[in-house]
2 protein chains.
Amino acid sequence: MAVHQPSSTEPASDAAGPATPAFSPLYQQIKGLILQSLQAGEWKPGEAIPSEMDLAARFRVSQGTVRKAIDELAAENLVVRRQGKGTFVATHAEQHVRYRFLKLVPDSGDEGPAQRTILECRRGRASAEIARALALRTSDPVVQVRRVLSFGGVPTILEDIWLPGNAFKGLTAEQLASHQGPTYVLFEVEFGVRMVRAEEKIRAVAADAQHARLLAVDAGAPLLSVERLSHTYNDVPMELRRGLYRTDTHHYRNDLS
Amino acid sequence: MAVHQPSSTEPASDAAGPATPAFSPLYQQIKGLILQSLQAGEWKPGEAIPSEMDLAARFRVSQGTVRKAIDELAAENLVVRRQGKGTFVATHAEQHVRYRFLKLVPDSGDEGPAQRTILECRRGRASAEIARALALRTSDPVVQVRRVLSFGGVPTILEDIWLPGNAFKGLTAEQLASHQGPTYVLFEVEFGVRMVRAEEKIRAVAADAQHARLLAVDAGAPLLSVERLSHTYNDVPMELRRGLYRTDTHHYRNDLS
DNA sequence: CAGTGGTCTAGACCACCAA
DNA sequence: TGGTGGTCTAGACCACTGC
């Protein structure tokens, strides 16, 4: 339900506490409520959420207020609007947004999907470093994956992936090797985990002997090191990924605005 | 003035031509008109544009329509809204958005502004490659700048910058060395050129002898190569920048969403 | 206090889609 | 044809700023 706040000045509650009245407009509250339903899985990825009219009725608010809430969710890619059809929970499976998190593109031309080679997929305990990144406790269960992505037979990306073990019970190398489309779709479909946002730290590094072998380059060759921390709803970290990219035939593309 | 389009179906103009009726909503047209005024320099960077009411009156449209147009301009960082004060033409000089295009951050801690060393600033003719990138004709005048940015005395960024000579008449090494704040502010203030959007292509490369000397690293050391094409209004390319970044103490930070 | 942007509402109509 | 999101309007009120 919409929380109607006292208008204008707060009642003079001079008790100690944060001085910020934390005013938030109605549409932000509605956005928060819709977000809760998204997190709770009330509507699954790809499904339609209720129409604006329905939501307006549910929250006892005008359609325009719901619209503004959904506008923001759409701007954050949590939801996709389709005129005449409805509003849908966003997915990494959509055609034109696929590989939204993969910014490595070929220098020229197009290319098919990557060939995946899973080198490792094992359960273990979180090191202090991994635990810190994923907001776990040291020695909590984690899944670690190592894989190589090749384009046209050329190994191009070597990735180490760490996932919280509890959320990804039963993840197998088989699944990782054989599924279609982005791995994040697998995560959505099989584990109900939707990655919403990520931060990347990018560096140039020299290939060590092992990396060189796996990526078929000379030892010491420059590689792009991409450390990505992905989050689900509410900024909960759910994946740490360390990638090494060959940039002799591809480049990392970024748009600034 | 707002262009009122024929409602519903087009009159059956079966003459040859693009089949798309190119319907665009009123607020998009208003946005376009405001954009024109921005390009034309009717309001300078940092200045306030007319109030929503004024613009609504000027364009014979409701305030809500103007608001939606400005909303989009604000979302594209072309304009900044300040409640109670007005709407202002965006600038690279704003405190919290300074160095908006510089994504290289120190691994830990903060750091002061960069020390700039201008190695070169000369006028010349565009090579075929530069001409293509900047949408000039080969041998059109260009300004080329080479500089090193250092943090705490450590040379960290080596940049080559190409600018269209006609738009940047009179740019000197003096100016580039002595101005305060981001170089893009200098461009706005001295040349009326506002960079609005940019694309970057990022690679890992090995330092050659010259680069190694200028950045105080060993030859062959891995460096981040960042090629940036910056645009003014209307996607007109106005700057090509090739940077080499040391990433031993800094990293390139990117947010995906 | 007046002026600005920000929120909220209610209603009309349009464009798109599916059945 | 009915339902969905998309546009446009008009008016009321709120929050913030500066005089």
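Further up the page is the structure itself.
Computed from a predicted model, the values in this text were never measured in an experiment.

*Asks:* Give me the lowdown on the overall build of chain A, citing residues and values where you can.
*Replies:* For chain A, the helix and strand inventory stands at 7 helices and 11 strands. Summarising its shape, the C-alpha atoms of chain A cover approximately 70 × 50 × 40 Å along the three principal directions. Here chain A, with 257 residues, has 45% of them falling under the buried criterion. In chain A, once contacts between residues fewer than 6 apart in sequence are set aside, the share between residues at least 24 apart is 61%. When the accessible surface of chain A is summed, it comes to about 13,100 Å², and 52% of that surface belongs to carbon and sulfur atoms. Of the charged side chains in chain A, 31 are positive and 30 negative; the average position of the first set lies 2 Å away from that of the second.

*Asks:* Please provide a residue-by-residue account of the protein's contact with DNA strand D, values included.
*Replies:* Surveying the vicinity of DNA strand D reveals 21 residues, the closest of which are R81 and G84 of chain A together with L26, T65 and K68 of chain B. The share of sugar and phosphate among atoms of DNA strand D within 4 Å of the protein is 85%. The separation between a base nitrogen of DNA strand D and a polar side-chain atom of R67 of chain A is 3.1 Å. At 3.4 Å from a phosphate oxygen of DNA strand D is found a side-chain nitrogen or oxygen belonging to K85 of chain B. Residue assignment for the surface near DNA strand D shows that the elements contributing at least two residues are β2 (79–82) and β3 (86–89) of chain A together with α1 (26–40) and α3 (63–75) of chain B. Residue composition of the surface near DNA strand D, by class: 4 nonpolar, 10 polar and 7 charged.

*Asks:* So what about the side chain of H231 of chain A? Which residues, and what values?
*Replies:* Residue and element names in this part refer to chain A. Within the secondary structure, H231 sits in strand β9 (residues 222–231). On the basis of relative accessibility, which here comes to 5%, the residue H231 falls in the buried class. At 3.2 Å, the side chain of H231 forms a polar contact with the backbone oxygen of D235. Not counting residues within four places of it along the chain, the set of residues in contact with H231 comprises R194, M195, V196, R197, A198, E199, V236, P237 and M238.

*Asks:* Quick rundown of the relation of the copies chain B and chain A? Include the residues and the values.
*Replies:* Between the two copies, chain B and chain A, the superposition gives an RMSD of 0.0 Å; the rotation angle is 180° and the shift along the axis is 0.0 Å. Both chain copies can therefore be described as sitting about a two-fold axis.

*Asks:* Outline the layout of surface pockets, supporting the account with residue identities and numerical values.
*Replies:* Considering only enclosed or pocket space, the largest pocket measures out at about 920 Å³ in volume. Mapped onto the lining of the largest pocket, the elements with two or more residues apiece are β4 (104–106), β6 (141–151), α6 (183–191) and β11 (250–256) of chain A together with β11 (250–256) of chain B. Lining the second largest pocket are 16 residues, with D71, E72 and A75 of chain A together with K68 and D71 of chain B positioned closest to its centre. Within the residue set of the lining of the second largest pocket, elements represented by two or more residues are α3 (63–75) of chain A together with α3 of chain B. In terms of residue count, α3 of chain A provides more of the lining of the second largest pocket than any other element does, 7 residues in total. Here the lining of the second largest pocket is built from residues that sort into 4 nonpolar, 3 polar and 9 charged.

Basis of the calculations
- Residues numbered from 1 in each chain as written.
- Chains lettered and ligands numbered in written order.
- Predicted model: local features only at pLDDT ≥ 70, side-chain atom pairs only at ≥ 80, totals over all residues.
- Heavy atoms only, no water.
- Helix = DSSP H or I, 4+ residues; strand = E, 2+ residues; numbered from the N terminus.
- Buried < 20%, exposed > 50% of the residue type's maximum accessible area, 1.4 Å probe, protein only.
- Contact = heavy atoms within 4.5 Å.
- Areas by Shrake-Rupley, 256 points an atom, 1.4 Å probe, with all protein chains shown as cover.
- Lys, Arg positive; Asp, Glu negative; His and termini not counted.
- Charge placed at Lys NZ, Arg CZ, Asp CG, Glu CD.
- Near = heavy atom within 4 Å.
- Polar contact = N/O pair within 3.5 Å; in protein donor to acceptor, adjacent residues only side chain to side chain.
- Nonpolar A, V, L, I, M, F, W, Y, C, P; charged D, E, K, R; others polar.
- Least-squares fit on C-alpha atoms with pLDDT ≥ 70 in both.
- 1 Å grid on protein atoms, 1.4 Å probe; cavity = no way out; pocket = protein on both sides within 12 Å on 5 of 7 lines; lining within 4 Å.
- Points joined across faces, edges and corners; volume = space filled by probe spheres on them.

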